[in-house]
Amino acid sequence: MKKNDVMGYIVYAIMLGAAVGVGFGVIRPLLTDNSISSQLPMEGFLLILLSVLVGLVLTAVVLELGHLLGAKIGGYKVASWTCLGIAFKRDKEGKMKVGFGGFDGLTGETKVVPNDVEKSNPRPFIFMPLVLFLLEVILCVVLIVLGNNSAVQGAVTLKIVGITVLTVGCLIFIYDIFPAALDSKNDGAYFVIFNSKTNVIAYNQILMAEDKMARGEDVGETKVYESVTDFTVKLNEVALYKALNEKNYDEALRINEFTINSKNSVSSKIYLNAVAQKMALHLYLNPLNEAKEEYISLKLEEKKFIANLSTGPAVRAYILISGLVEESEGETKLAMDKAESAIKNSGEDKRSAEEYLMKEALKVIVKKHKDWDFSEYGELALGEEQK
């Protein structure tokens, strides 16, 4: 088991323990006391549920507003701001548009671009959410104090709401400030990284390159790391997807191999996604017999990751595996059902390459199985024979 996975289990155990402790040790006694529960304006379970929702929304807004303010203080331009799926994104003309979108984070994601690669400082980006969360904590403490005053109308309700909202907020921030990379992006992973000026400049270069790719501009030359970590993989992916956009598949595979070779220093998700990327490209480029043997030799966890269809490379790989190796129309369509969302969730910097490669994968399957009906997937999935 890798260090990143262990850290993930640790933080989830801490969150679960804290939630159970507060739930059974503090809130449950209040709800089971008849003299207290009779004062509540609604059923205790419903009050807790509503309080949890309030805590989730409030803390998500506090966290992402903190990122927004931190970005401004640190000298960054905000490219997009997403909170609980509601997204404000800057288009190619620089105008902000509102919509819905996925995000890499527990409750949202704020994507920024440095005004100056060497001078922009990302530290306020991770510290400002803590400052705003302190205000939330103060608010909750005030509610709890008022709740202990029997002279205040609805005192018990205020106390329960304050405790619940504070607990939800603490759980979210435990995840966010935990000092290790987790399965969703968290600020704590950057605490040590940002202590180095070199890492700060590299981070700003990553942000600048990703923004250029998202806007379809030339990224130029970016550094490629042979020794890959969860941090340096981001810069490698900029070069990798630039190569994919240029259809330089040999270069893309070369860069991707650095991640595979660094299995012990990256998280499971990053390693397995690199395996899926390699498998998808080999199935698309190499003779079928060679690619088939390679797929058969994959480890069980690698096959499971591809079958989970959680990333663009995994979806592409599964489409080609199902259509070329296993020749299953049903499984191919199952993967195709995930294609659109996989492209959308890949991020604007990777979207064009993922969309092109997904279409190419579908064309390969359509060419091999002319009798399979892909009409439900629109013109992009149709071969000449089916038009």
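The structure we're discussing is the one just above.
The numbers attached to residues start from 1 for each chain and follow its sequence in the written order. Local features in this predicted model are restricted to residues whose pLDDT is 70 or higher, and side-chain atom pairs enter the listing and the counts only when it is 80 or higher, whereas totals over whole chains, interfaces and linings include all residues. Side-chain numbers come from the whole structure's heavy atoms, not from hydrogens or water.

(A) How the structure looks around the overall build of the protein chain. Looking only at helices and strands, the protein chain has 15 helices and 4 strands in total. The C-alpha extent of the protein chain, read off along each of the three principal axes, is 80 × 50 × 45 Å. A simple rule labels every residue: compare its accessible area, found with a 1.4 Å probe on the protein chains alone, to the largest value its type can have, and call it buried under 20%, exposed over 50%, or partly exposed in between. Here the protein chain, with 387 residues, has 47% of them falling under the buried criterion. We call two residues contacting when some pair of their heavy atoms lies within 4.5 Å. Pairs at least 24 apart in sequence give 63% of the contacts found in the protein chain among residues at least 6 apart. Here the Shrake-Rupley method, with its probe set to 1.4 Å, supplies the accessible areas, and only the displayed protein chains count as covering residues. Accessible area of the protein chain: about 19,400 Å², with a carbon and sulfur share of 58%. In this charge count, Lys and Arg are treated as positive and Asp and Glu as negative; neither His nor the chain ends contribute. By convention, the point assigned to a charge is CZ for Arg, NZ for Lys, CD for Glu and CG for Asp. Across the protein chain, the 42 positively charged side chains and the 48 negatively charged ones have centroids separated by 4 Å. The helix count covers DSSP runs of H or I at least four residues long, the strand count covers runs of E at least two residues long, and both are numbered beginning at the N terminus.

(B) The sheet that holds strand β1 (residues 76–83), seen in detail. Any two strands with at least two DSSP-identified bridges between them are counted as paired. Sheet architecture is open: 4 strands sit in the order β3-β2-β1-β4, paired in antiparallel fashion. In the strand order of this sheet, the two ends are held by β3 (96–100) and β4 (108–114), each with one partner. The mean inter-strand angle of the sheet, taken between neighbouring strand axes irrespective of direction, is 20 degrees. Alignment of β1 against β4, held across 7 bridges, turns out to be antiparallel. Looking at the pairing, V78 lines up with V112 of β4. The angle between two axes is taken between their N-to-C directions and runs from 0 to 180 degrees, where each axis is a line fitted to C-alpha atoms and a helix contributes only its stretch in contact. Across the sheet, helix α3 (residues 44–74) is in contact with β1 and β4; its angle to β1 comes to roughly 175 degrees. Packed on one face of the sheet, helix α6 (residues 197–214) meets β1 and β4 and runs near 100 degrees to β4.

(C) A look at the packing of helix α8 (residues 249–261) against helix α9 (residues 268–285). Following both chains from N to C, one finds α8 and α9 inclined at 150 degrees, their axes separated by 9 Å at the closest point. Judged by the inter-axis angle, α8 sits roughly antiparallel to α9. As for the relative orientation of α8 and α9, their crossing is left-handed in sense. Contacts between α8 and α9 involve Y249, L253, N256, E257, T259 and I260 on the former and, on the latter, I270, Y271, A274, V275, Q277, K278, L281, H282, Y284 and L285. Under the scheme applied, nonpolar residues are Ala, Val, Leu, Ile, Met, Phe, Trp, Tyr, Cys and Pro; charged residues are Asp, Glu, Lys and Arg; polar residues are all the others, including Gly. In terms of residue class, the contact of α8 with α9 is built from 10 nonpolar, 4 polar and 2 charged. Orientation categories follow fixed angle ranges, with anything under 35 degrees roughly parallel, anything over 145 roughly antiparallel, 65 to 115 roughly perpendicular, and all other angles oblique. Handedness of a crossing follows from how the near helix is turned relative to the far one, being left-handed for an anticlockwise turn of less than a right angle and right-handed for a clockwise one.

(D) Main features of helix α13 (residues 329–336). Among all positions of α13, only T332, K333, A335 and M336 are buried. Buried residues of α13, seen end-on, are gathered within an arc of 155 degrees and therefore sit on one face of the element. Looking at the packing, one finds that the buried side of α13 touches α12 (312–325), α14 (339–345) and α15 (348–368). Each direction from the helix axis to a C-beta atom contributes to the arc, which is the arc of those directions.

(E) Just the nonpolar core, in detail. Within the largest apolar cluster, 40 residues are counted, with the highest numbers of intra-cluster contacts made by M279, I306, I319 and I321. Those elements that place two or more of their residues in this core are α8, α9, α10 (288–296), α11 (300–308), α12, α13, α14 and α15. Counting residues per element, this core draws most heavily on α12, which supplies 9 residues. If we ignore the near neighbours within four places in the chain, the residues touching I321 are M279, L283, Y295, I306, E326 and E327. Counting residues in hydrophobic clusters, the runner-up holds 19 residues, among them Y76, F125, I193 and F194. Nonpolar cores were defined as sets of buried Ala, Val, Leu, Ile, Met, Phe, Trp, Tyr and Cys residues, with membership established by side-chain atoms within 4.5 Å.

(F) Geometry of a nonpolar patch on the surface. Without a salt bridge and with relative accessible area above 30%, a residue can belong to a patch; like charges are then joined within 9 Å and nonpolar side chains (Val, Leu, Ile, Met, Phe, Trp, Tyr) within 5 Å. Any Lys or Arg side-chain nitrogen located within 4 Å of an Asp or Glu carboxyl oxygen qualifies as a salt bridge. A grouping of M42, F45, L46, L49, L50 and L53 is seen on the molecular surface, where their side chains present a nonpolar patch of about 550 Å² in accessible area. Residue placement: L53 occurs in helix α3.

(G) Layout of the pattern of salt bridges. Summed over all chains, the structure comprises 8 salt bridges. Here K350 ties to E237 by a salt bridge, and the two come within 2.7 Å at their closest N and O atoms. Linking K350 in helix α15 with E237 in helix α7 (residues 232–245), this pair joins segments that are 113 residues apart in sequence. Residue classification places K350 among the buried positions, given a relative accessible area of 17%. The residue E329 makes a salt bridge to K333 at a minimum N-O spacing of 3.1 Å. Placement of the pair is E329 and K333 together in helix α13, with a separation of 4 residues, close to one helical turn. E329 sits in the partly exposed class, given a relative accessible area of 28%.

(H) Main features of unusual backbone geometry. Unlike most non-glycine residues, K247 shows phi in positive territory, near 60 degrees. By the element assignment, K247 lies in the loop between α7 and α8. For K247, a relative accessible area of 43% corresponds to the partly exposed category. In this structure, E327 takes a positive phi of about 50 degrees despite not being glycine. Secondary-structure assignment places E327 in the loop between α12 and α13.

(I) Structural context of the pairing of β3. Little of β3 sits inside the fold, with 0 of its 5 residues counted as buried. Two elements, strand β2 (residues 86–90) and β3, share 5 bridges in a ladder whose sense is antiparallel. Looking across to β3, one finds that K89 is bridged to K97.

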